[in-house]
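Given next are the chains, with one letter for each unit.
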Amino acid sequence: MEKIKSHRELKVYQKAFDAAMAIYMMSKNFPKEETYSLTDQIRRSSRSVSSNISEAFRRQKYPKSFSNKLNESEAEAAEAQNWLDFSLACNYISQEMYSKLDQEYENIIGMLVIMQKQTEKWSI
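Reading the values: rules and limits
Residues numbered from 1 in each chain as written. Predicted model: local features only at pLDDT ≥ 70, side-chain atom pairs only at ≥ 80, totals over all residues. Heavy atoms only, no water. Salt bridge = Lys/Arg side-chain N within 4 Å of Asp/Glu carboxyl O. Helix = DSSP H or I, 4+ residues; strand = E, 2+ residues; numbered from the N terminus. Buried < 20%, exposed > 50% of the residue type's maximum accessible area, 1.4 Å probe, protein only. Contact = heavy atoms within 4.5 Å. Axes fitted to C-alpha atoms, helices over the stretch in contact; angles between N-to-C directions. Parallel < 35°, antiparallel > 145°, perpendicular 65-115°, else oblique. Left-handed = near helix turned anticlockwise from the far one by under 90°. Nonpolar A, V, L, I, M, F, W, Y, C, P; charged D, E, K, R; others polar.

## Brief notes about the pattern of salt bridges
So, point 1. Applying the stated criterion across every chain yields a total of 6 salt bridges.
So, point 2. Between Arg 44 and Glu 79 there is a salt bridge, with the nearest N and O atoms lying 2.4 Å from each other. Taken together, the residues span a long stretch of sequence, with Arg 44 in helix H2 (residues 35-57) and Glu 79 in helix H3 (residues 63-89) at a distance of 35 residues.
So, point 3. Judged by relative accessible area, Arg 44 falls into the partly exposed class, the value being 38%.
So, point 4. Between Lys 69 and Glu 55 there is a salt bridge whose closest N-O contact spans 3.1 Å.

## Things to note about the environment of Ser 67
So, point 1. Examined against the element boundaries, Ser 67 turns out to sit in helix H3.
So, point 2. Spatially, the C-alpha atoms of Ser 67 and Thr 119 are 6.8 Å apart, while their sequence positions differ by 52 residues.
So, point 3. Beyond its immediate stretch of four places on either side in the chain, Ser 67 contacts Gln 116 and Thr 119.

## Brief notes about the packing of H3 against helix H4 (residues 95-117)
Angle between the axes and distance between the axes are the two parameters that describe a pair of packed helices.
So, point 1. Interhelical geometry of H3 versus H4 gives an angle of 165° and a closest axis separation of 9 Å. Accordingly, the angle class assigned to the pair H3 and H4 is roughly antiparallel. Viewed along their axes, H3 and H4 form a crossing whose handedness is left-handed.
So, point 2. Split by residue class, the contact of H3 with H4 holds 14 nonpolar, 6 polar and 4 charged.

Take a look at the structure:
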């Protein structure tokens, strides 16, 4: 197996980035009164997932710091799910869109948990 040289090569990073972009596009349709609350919050948390993964990748030589950043990414993914719950409850998104994104974050969280349990595989 070839060594991964960039966080952009990680499947979990790619999934998190794509999910954040989907949320960005979806949230363009949120009401104007949500601009400084729900819209900002869901965009911030969704973007933070991939940014924490990229930070974690650069901290591989420090297993505890690496694991901590992955844990932060996992928490941000759960926060994005929370804002998806609100988006659905407020009828800003369809059930189909909600289910697709919620499942994607479940997959991302699962991948992050596995990475945290196997930090020795990622140490350099």
